[in-house]
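# Structure at a glance
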Amino acid sequence: MPHTEYPRLTVSAGWFGASPETVEAYLTSPLESVLSSVKGIKKISSLSSEGSCRIDIEFHPNTDINFARIEINEKLGSVIEELPYGISAPRLSQYLPKEVKDLQGFLTYTISANLSANEIRKYAADYLRTPLLSIDGVSDVVIRGGNEREILITVDYDKMRSFNLKSDDVIAAIENAEKIVNAGSITKKESAYLVKVENIINAAEEILEQPVKTFGGNSIKIKNIATVSDDFREQQSYFRINGKEAVFLDISKEPGKNIIKVADEVYKKIDFLRNNLPAEFKIEKEIDLSLEVRNDINDLFQNALYSFILILVLLLLIFRRFYYSIIIISSIVFSLLSAFIFFYIFNLSLNILTIASLILGFGLMVDNSIVVVDYLDRHFSFEDKKRLAVTTKNIFFPVFSSTLTTVAVFIPLIFFTGELKLYFEQFAIAIIITLLSSLVVTFTIVPIAFYYVRVKSLIKSEEIISLNEEKNSVLFMLYSFVLEKILRWKKLCFVSLVLMIGLPVWLLPNRIDSPVVSTLYNLIFDSEFSSEIRKYVNYALGGSLNLFFNYIQKGEVFAFGDTDYIIISLKLPNGNTIERINELTKKFENEILAYRNNFDNLTSNIFDEENALIKITFTKEQSASAFPYILKNYLTAYAVRLGGLEVSVYGFGPGFYSGGGTSTSFIVKVSGFNYNRMKDIANQFRKIIQRNSRVDNIDIDRSFYRYGDDDIYEIIAKINRNNLIKYDISIEEVSKLIANSTAGNLQYNKFRIGNDEVFYSVKYSNFKNIQQEQLENMSFNNAGKNHFKIKDVVEFKESKTLSSIVRENQQYVRFVSFDYKGPYKYGDEYVKSSIAQIKVPEGYSITQQQFSFMFGQDEEIKIWNILAFAFFLIFMITASLFESIKKPLIIILSIPFALVGVIFLFYFGDYNLDRGAYAGMLLLVGLSVNNSIILVDYLSKNSLRGEFKTIIRTSYSRIRPIFTTTFTTIGAMLPLIINVQQSFWKSLALSVSGGLILSSLFVIFIIPVFYYSLNFTKK
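Residues numbered from 1 in each chain as written. Predicted model: local features only at pLDDT ≥ 70, side-chain atom pairs only at ≥ 80, totals over all residues. Heavy atoms only, no water.

### Observations concerning the overall build of the chain
Each helix and strand in the chain was counted, giving 37 helices and 31 strands. The burial tally for the chain puts 48% of its 1019 residues in the buried class. Within the chain, counting contacts between residues at least 6 apart in sequence, those at least 24 apart form 76% of the total. With the model as given, the accessible surface of the chain reaches about 50900 Å², and the carbon-plus-sulfur share is 55%. (Helix = DSSP H or I, 4+ residues; strand = E, 2+ residues; numbered from the N terminus. Buried < 20%, exposed > 50% of the residue type's maximum accessible area, 1.4 Å probe, protein only. Contact = heavy atoms within 4.5 Å. Areas by Shrake-Rupley, 256 points an atom, 1.4 Å probe, with all protein chains shown as cover.)

This is the structure in structure tokens:
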């Protein structure tokens, strides 16, 4: 994929064990507050969920992302000290669209040895990760499997309390176990020496001897109240490939870097490292996504060969002269060479987008050559090179004009931003370079080659012969008959063309409230007969506009079965263990691995105690077989037999879900600046809709982003302030005691032991199994005077909370979901009427959430703006070149009918109008006027007397180049339509093909009549 700097960045942070509301209040809000002052921000949105938050920042297009990144890091550095204890450092990452994100972790290797996974992990971290990170193009190397070394200090709470110690005392003692302090300098014999106070740890056992406090004249040491173990971190997740419990190296690629080149460099580095491994170590490649890219490029080159051959065959059939066909087809080779020179000069990369664009451009590369060769064949009958230059000059103006209009359409695409830039920038650049290269080749190499072929083979001009033969040709007579009938019935033809485009009759309301015409209008349109025939009237009068707005699906739509993988999602209820979900995941793996030879890879991710994901990938050949469907049905049946967990299986056909969360009929979005006020609005809406007996399953705590989540509950500890004063204890002390007793961690830091930095954690011995009752009855004292229990100063209350909290531009967003038992149409009307009953305060809003798989509305608007601008630009260019208003009007008439051709093809073919289709429309705007320009220019030079028969004969002489360019352009795209599965290129090829067919017919049969009517019809 090409490199594109997207105007978006993401900040993420974690807070283990914190509820979504706590995360939002104490982590997300402070971060949003400082980030909102960063210059150039267009939109900021956040998602706070259990234990983590994510803030997405979108910038204005002209913002320098590099400076924005520096400013954000400065802001994060200034606020990190103010964040609560236990929060991981906020991490800034670059926004990546799906096409680029899929290539992160594009190479995965397994490392195995006769050692524990923890020891293998340490070796990989020490000796493998850094060399791989040094490769140009590698962005990250993640080590999965095994755990890092960790010193665990487990404090016995009862013993600690018996010695009248606080957790702060223990933490301070452990921190003082390792202290290195610069104590200034001293002068000795006229020399200055730095003084360093050093207290270091050489082994974990030394921590046990660290004194904490004196008690009864004796020194209380760590060993009196705690145990110390030097081991590895507790397993919190698992990752396996093909059932192997090993250590994996997950290598990610930098955006914009050549994936094949990076992969080759990784191969070399891995081979070097493999040769220097200890005897018992092995490194094996498990996943290589670069192979897929290599296959895609091979397929593109194969399609290029098919396109090349198909164009050559078409040229031979139409021109029936081998040398002419060779001259035209050679223009592809010379245009490609010229394009490569441009790519080299402007330092542009050859990637899948540009290669596919060049293949699509095969048809465009020969268009100009076809027009020039056809013109010279008819008009050059001498052996004089000077005459050749004059004849070529006559055709230069229309060819240059048509090329210029097509180039003009694509220039604005270069300045797109966001994800549209990924799709359109490289595509536009490749097309522009291709067209300019083709123009140069057409007027340099092609005329010279034509001259030498003509002189050598002594081919005489066909101009006189063709004009004599035209009068007796069956095709010419048929063409003349059709054009004369169109001229005779031109009003009827005009009406038919208008209806083909369409009138917006579907927008007419059933009823109106007008004192003048309402009676007659309602009698006609609000009748039963009108309702029955309205659909057919819309089809007849609405034309292509009716199909476009009401029937053609737009955007990227999820298609069942359009995958090369099966995904199994496992979810356990809250309160389970990592061992339990790991055991269930292994059961699924064992069932799948029994068919190891029938799939490519099996990856298993156990994320936490409740969630796991299994992904089975297949090769193209395996995907084409029946096995994926058989395996999916088997896994679905196996999932049904398992109890106590929710399982979803999808890919290769409709999905299966065993239970848990359900989809709802309607979702209403409430937004505002005050969280509690917004909740009141949601409750007000609930009271309105629950009066209707058809409404059920109302949930004002809906998580829109996390389908199927269990309800999340939190225990709220409400402080009794009066008792705090009574017992002379601070809120901070109470909070620490509760946090340390439930989360377990009193302290998390690291020691330097030898050459290693070793993390350590301090925990209470019973933190895993503590219950609410035990927590309430935990007692502690204040300076040895007051003994009391936690419940004396804190009241615990259970409350349901949102599974995630969403904010957009610092406004809270809340979703209310419910089911409506009845037709969706009536439910939709009921929702709108219910929303209308609520008086929404200033600064708040409540709207119905619409479901759509379309790409963003902003993106679609941008594309339509470009289409409109291109329409206007072509008119201005042709008007200035022809120095006329009538001729440009005739020329641009082919554009709407090219778009009509696209709509008809996508409607009758039941295709989805996605980004590729819109790119095809943009290309059509330029291509459809090419034939119009050639024909109108030819008519203006050869039909001066205004006789309609002369116009017919002149137009007929242009049929060959018009249909040849149309067929060769479609022929170049045909392999992409048949072989390519990627929706962008297939939709683009379909769009261009459908539009060119109809626009060519319009140019051949309608434009001559329009030209005659506007220029020569007598009043």
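From this point on, the discussion continues.
### Overview of the packing of aromatic side chains
Evaluation of the coordinates by the stated rule reveals 29 aromatic pairs. Seen in terms of ring centroids, Tyr123 and Tyr127 are 4.8 Å apart; in terms of plane orientation they differ by 40°. Their pairing is tilted. Linking Tyr123 with Tyr127, this pair stays in helix H4 (residues 117–127), spanning four residues, or about one helical turn. Tyr123 gets classed as buried once you look at its relative accessible area, which sits at 16%. Its relative accessible area of 52% is what places Tyr127 among the exposed residues. Aromatic ring contacts, followed pair by pair, group Tyr539, Tyr551, Phe904, Tyr907 and Phe908 into a single cluster. Sitting over the ring of Tyr565, Lys615 keeps its end group 4.8 Å from the ring centre. Its end group placed over the ring of Tyr938, Arg958 keeps NZ or CZ at 4.4 Å from the ring centre. (Phe/Tyr/Trp six-rings, centres within 6.5 Å; stacked < 30°, edge-to-face > 60°. Lys NZ or Arg CZ within 6 Å of the ring centre and 35° of its normal.)

### Here's the deal with the sheet that holds strand E14 (residues 247–253)
The strand order E6-E14-E5-E15 describes an open sheet built from four strands, whose pairing is antiparallel. The open sheet has two edge strands with one neighbour each: strand E6 (138–144) and strand E15 (282–288). Within the sheet, the average angular offset between the axes of one strand and its neighbour, ignoring direction, is 20°. Of the strand pairs in this sheet, strand E5 (residues 107–112) and E15 are connected by six bridges, and their pairing is antiparallel. (Pairing = 2+ DSSP bridges. Axes fitted to C-alpha atoms, helices over the stretch in contact; angles between N-to-C directions.)

### Considerations on the pairing of strand E3 (residues 52–59)
Side-chain alternation along E3 places Cys53, Ile55, Ile57 and Phe59 on a buried face and Ser52, Arg54, Asp56 and Glu58 on a face that remains uncovered. Direction of pairing for strand E1 (residues 8–14) relative to E3: antiparallel, over a ladder of seven bridges. The residue of E3 that forms the bridge with Thr10 is Asp56. Of the strand pairs in this sheet, strand E2 (residues 41–49) and E3 are connected by eight bridges, and their pairing is antiparallel. Paired with Ile44 across the strands is Ile57, a residue of E3.

### What about unusual backbone geometry?
Residue Asn242 is not a glycine yet carries a positive backbone phi of 55°. Note that Asn242 resides in the loop between strand E13 (238–241) and E14. Positive phi, close to 55°, is recorded for Asp910, a residue that is not glycine. Within the secondary structure layout, Asp910 lies in the loop between helix H32 (894–908) and helix H33 (915–942).

### Description of the pairing of strand E18 (residues 611–617)
Residues Ala612, Ile614 and Ile616 point to one face of E18 and are all buried, whereas Asn611, Leu613, Lys615 and Thr617, pointing to the other face, are not buried. The sheet contact formed by strand E17 (residues 601–606) and E18 spans six bridges and is antiparallel. The partner of Ile606 across the bridge, within E18, is Ala612. With antiparallel pairing between neighbouring strands as the criterion, E17 and E18 make up a hairpin whose turn holds four residues.

### Remarks on the packing of helix H12 (residues 352–360) against helix H13 (residues 362–379)
As a packed pair, H12 and H13 sit with axes 4 Å apart at the nearest point and diverge in direction by 35°. Note on element contacts: H13 touches H12 through Phe362, Gly363, Leu364 and Met365, opposite Leu358, Ile359 and Leu360. Residues that form the contact of H12 with H13 fall into these classes: six nonpolar, one polar and no charged. (Nonpolar A, V, L, I, M, F, W, Y, C, P; charged D, E, K, R; others polar.)

### What about helix H11 (residues 322–345)?
Helical periodicity: at 3.6 residues per turn, an α-helix aligns residues three or four positions apart in one direction. With 24 residues, H11 should cover 34 Å at 1.5 Å per step; its first-to-last C-alpha distance of 35 Å lies within 8% of that length. Just downstream of H11 lies Asn347, where phi reads positive at about 55°. (Expected span 1.5 Å × (residues − 1).)

### Quick word on the environment of Val390
Within the secondary structure layout, Val390 lies in helix H14 (residues 385–410). Here the alpha-carbon distance between Val390 and Phe380, two residues ten residues apart in the chain, equals 9.5 Å.

### Some words on the packing of helix H10 (residues 290–319) against H13
If you want to describe how two helices pack, look at the angle between their axes and the distance between the axes. Packing of H10 against H13 brings their axes to within 11 Å, and their N-to-C directions diverge by 20°. Taken as axis vectors, H10 and H13 run roughly parallel relative to one another. The handedness of the crossing between H10 and H13 comes out as right-handed. Here Ala304, Ser307, Phe308, Ile311, Leu315 and Phe319 of H10 come into contact with H13, specifically with Phe362, Gly363, Val366, Ile370, Val373 and Asp374. (Parallel < 35°, antiparallel > 145°, perpendicular 65-115°, else oblique. Left-handed = near helix turned anticlockwise from the far one by under 90°.)

### Some thoughts on the confidence of the model for the chain
Of all residues in the chain, 86% attain a pLDDT of 70 or more, and the chain-wide mean is 80. Under a pLDDT of 50 for its full length, residues 557–562 has, in the predicted model, eight contacts with residues more than four places off or in other chains. (pLDDT = per-residue confidence, 0-100.)

### Quick look at the side chain of Arg121
Tracing the chain through its elements places Arg121 in helix H4. Side-chain polar atoms of Arg121 contact the backbone oxygen of Gly145, separated by 3.0 Å. For Arg121, the contacting residues outside a window of four places in its chain are Ile143, Arg144, Gly145, Gly146, Asn147, Glu148 and Val247. (Polar contact = N/O pair within 3.5 Å; in protein donor to acceptor, adjacent residues only side chain to side chain.)

### Focus: a nonpolar patch on the surface
Where nonpolar side chains cluster on the molecular surface, the patch consists of Val333, Phe334, Leu337, Phe340, Leu350 and Ile445 and spans about 480 Å² of accessible area. With four residues, the top contributor of residues to the nonpolar patch is H11. Its place among the elements puts Phe340 in helix H11. Residue classification places Phe340 among the partly exposed residues on the basis of a relative accessible area of 37%. (Patch = residues over 30% accessible without salt bridge, like charges linked within 9 Å, V, L, I, M, F, W, Y side chains within 5 Å. Salt bridge = Lys/Arg side-chain N within 4 Å of Asp/Glu carboxyl O.)

### Points about the pattern of salt bridges
Going through the model one piece at a time under the given rule, you end up with 23 salt bridges. The residue Glu209 makes a salt bridge to Lys221 at a minimum N-O spacing of 3.2 Å. Within this pair, whereas Glu209 is found in the loop between strand E9 (191–199) and strand E10 (211–215), its partner Lys221 is found in strand E11 (residues 218–221), the two being separated by twelve residues in sequence. Taking the shortest distance from any N to any O, the salt bridge between Lys223 and Glu209 comes out at 3.3 Å. Of this pair, Lys223 sits in helix H8 (residues 222–225) while Glu209 sits in the loop between E9 and E10, placing them 14 residues apart in sequence.

### With respect to the side chain of Ser834
For Ser834, the location among the structural elements is in helix H29 (residues 824–836). Given a relative accessible area of 0%, Ser834 falls into the buried group. Of the polar contacts made by the side chain of Ser834, one reaches the backbone oxygen of Tyr830; its length is 2.8 Å. Non-local contacts of Ser834, meaning those with residues more than four positions away in its chain, are made with Phe685, Ile688 and Ile689.

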